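Listed below, chain by chain, are the residues.
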Amino acid sequence: MVEHATADRLTGMSIADPAPGLPGFVHLYSGKVRDLYAPIGDDGRAREDQLLLVASDRISAFDFVLEPAIPDKGAVLTQLSLWWFEQLASIVPNHVLSTDVPAEVAGRAVLVRRLEMLPVECVARAYLTGGGLREYAADGHVSGIRLPEGLVDGSRFDQPIFTPSTKAPQGEHDEPMSYAAVEAAIGSGLAARARELTTAILARGNEIAAERGILIADTKVEFGVVDGELVLADEVLTPDSSRFWPADQWEPGHTQPSFDKEFVREWLLSPESGWDKASGEAPPPLPEDVVERTRAKYVEAYERLTGTTFAR
Ligand code: Q0Z
């Protein structure tokens, strides 16, 4: 088989393969922008205790995966997530085993401990926006938490709130979950710990990011369970798992510009793109300058947060 294409079963035509085969690994699953593999063990079978998480350069917006890819996005997000795991190590242990990965995915893949994952998306919000804002507008509550009157899009909470959601199958949207439903799903002890850790991760993340001119409006984290204790898994505090906002443009009362996808969304919604969001059609390919400026935003987020240069 060729490396970056695969034959279509019916037509025999070559089609783009978003998750090429990796020697020594079995492909398990691909999300919109990431791919999951299992290493093949000495016995020639897929290991059940480890996973390889591979971040691609693909970018999504308005629920579409766009073309072309953003060069280095996968490496920037992987390196940022690894940096955050270190920053958070005194708060929570994590799933990372090794960054020694095949050359094809160097810098954008991590070998991790395969865990029993909580069947809950653990979301914390430090600012009101998105789905939280929609819930608040309906009845003044978010995830069952009564909030003060008069909040607007972009308002900051005194402290992050826990707003868990269901893990929807691919192609469907996560639904808000009450705290009682989380307790019923995983038990009250793990629910309390998940709430405590998720909000602590966002609070600490914002302490660090604020010094570097970035606000983290909200974030989604995933936990596994080892010996009854929570272990932080997946990716953490990246622009794909969180809303990053430029601090100097924060102005409650309207939608805040997205740190990373601002140029992409602006161009797609502009007349220049010729795309009608309501049409249901796939968006047109991004122009080179939008790709380049978007790449620069990911690199800027990485460099501002970590205080180090991103080496390609
Ligand atoms: C993460 C995902 C994808 C990357 C499963 N340590 C773990 N143990 C068990 N399962 C997971 C993890 Cl991180 C796990 N995902 C989400 C999908 C690429 C991550 F396609 N799914």
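Residues numbered from 1 in each chain as written. Predicted model: local features only at pLDDT ≥ 70, side-chain atom pairs only at ≥ 80, totals over all residues. Heavy atoms only, no water.

Draft legend 1. Expanded view of the overall build of the chain. If you tally the helices and strands in the chain, you get six helices and 17 strands. The C-alpha radius of gyration of the chain comes to 20 Å, within 12% of the 20 Å expected for a compact globule of 312 residues. Along the first, second and third principal axes, the C-alpha set of the chain runs to 60 × 55 × 40 Å. Considering the chain as a whole, with its 312 residues, one finds that 46% of them fall into the buried category. Sequence-distant contacts in the chain: of pairs separated by 6 or more residues, those separated by 24 or more amount to 60%. Within the structure as shown, the chain displays about 15,700 Å² of accessible surface, and the carbon and sulfur contribution to it stands at 50%. Separation between the mean location of the 29 positive side-chain charges and that of the 49 negative ones in the chain comes to 2 Å. (Helix = DSSP H or I, 4+ residues; strand = E, 2+ residues; numbered from the N terminus. Rg over C-alpha atoms; globule rule 2.2 N^0.38 Å. Buried < 20%, exposed > 50% of the residue type's maximum accessible area, 1.4 Å probe, protein only. Contact = heavy atoms within 4.5 Å. Areas by Shrake-Rupley, 256 points an atom, 1.4 Å probe, with all protein chains shown as cover. Lys, Arg positive; Asp, Glu negative; His and termini not counted. Charge placed at Lys NZ, Arg CZ, Asp CG, Glu CD.)

Draft legend 2. Region of interest: the site of the ligand. In the vicinity of the ligand, 15 residues are found, and the nearest of them are Tyr29, Arg34, His95, Arg113 and Leu115. One of the backbone nitrogen or oxygen atoms of Leu115 is found 2.9 Å away from a nitrogen atom of the ligand. Starting from 470 Å² of accessible surface for the ligand in isolation, the protein chains cover 86%. Broken down by secondary-structure element, the contributors of at least two residues to the shell around the ligand are β3 (25-30), β4 (34-39), β5 (50-55) and β9 (109-113). A per-element tally of the shell around the ligand places β4 first, with three residues. (Near = heavy atom within 4 Å. Polar contact = N/O pair within 3.5 Å; in protein donor to acceptor, adjacent residues only side chain to side chain.)

Draft legend 3. Structural detail: the pairing of β5. Across the six residues of β5, six count as buried, placing the element largely inside the fold. Residue alternation in β5 divides its side chains into two sets, Gln50, Leu52 and Val54 and Leu51, Leu53 and Ala55, and both sets are buried. Bridging between β4 and β5 involves four bridges; their strand directions are antiparallel. Looking at β5, one finds that Arg34 is bridged to Ala55. (Pairing = 2+ DSSP bridges.)

Draft legend 4. Looking closely at the domain arrangement of the chain. Splitting the chain by domain gives domain 1 (4-115) and domain 2 (117-283). On a C-alpha basis, the centres of domain 1 and domain 2 stand 23 Å from each other. With 30 residues of domain 1 in contact, the opposing surface of domain 2 contributes 38 residues. A buried area of about 2,800 Å², summed over both sides, lies between domain 1 and domain 2, and 71% of it is on carbon and sulfur atoms. Of all residues in domain 1, Phe62, Trp84 and Leu115 bury the most surface against domain 2, accounting for 26% of the area lost on that side. Our enumeration of links across domain 1 and domain 2 arrives at three salt bridges. With a closest N to O distance of 2.8 Å, Asp240 and Lys73 form a salt bridge. At the junction of domain 1 and domain 2, the tally comes to 10 residue pairs in polar contact (both at pLDDT 80 or more). Of all the secondary structure elements, the ones that give two or more residues to the side of domain 1 that touches domain 2 are β3, β6 (60-61) and α1 (73-87). (Domains from an automatic or database assignment. Buried area = accessible area lost by both parts, 1.4 Å probe. Salt bridge = Lys/Arg side-chain N within 4 Å of Asp/Glu carboxyl O.)

Draft legend 5. Up close: the nonpolar core. Grouped together as the largest cluster of nonpolar side chains are 58 residues, with contacts concentrated most on Trp84, Ile201, Phe223, Leu232, Val236 and Leu286. Among the domains, domain 1 (4-115) and domain 2 (117-283) are the pair contributing at least three residues each to this core. With near-sequence residues (within four places) excluded, Ile201 lies in contact with Leu88, Val92, Val221, Phe223, Leu232, Val236 and Leu237. Judged by nonpolar contacts, the second largest core, of nine residues, contains Tyr37, Val54, Val101 and Leu111. (Core = buried A, V, L, I, M, F, W, Y, C linked by side-chain atoms within 4.5 Å.)

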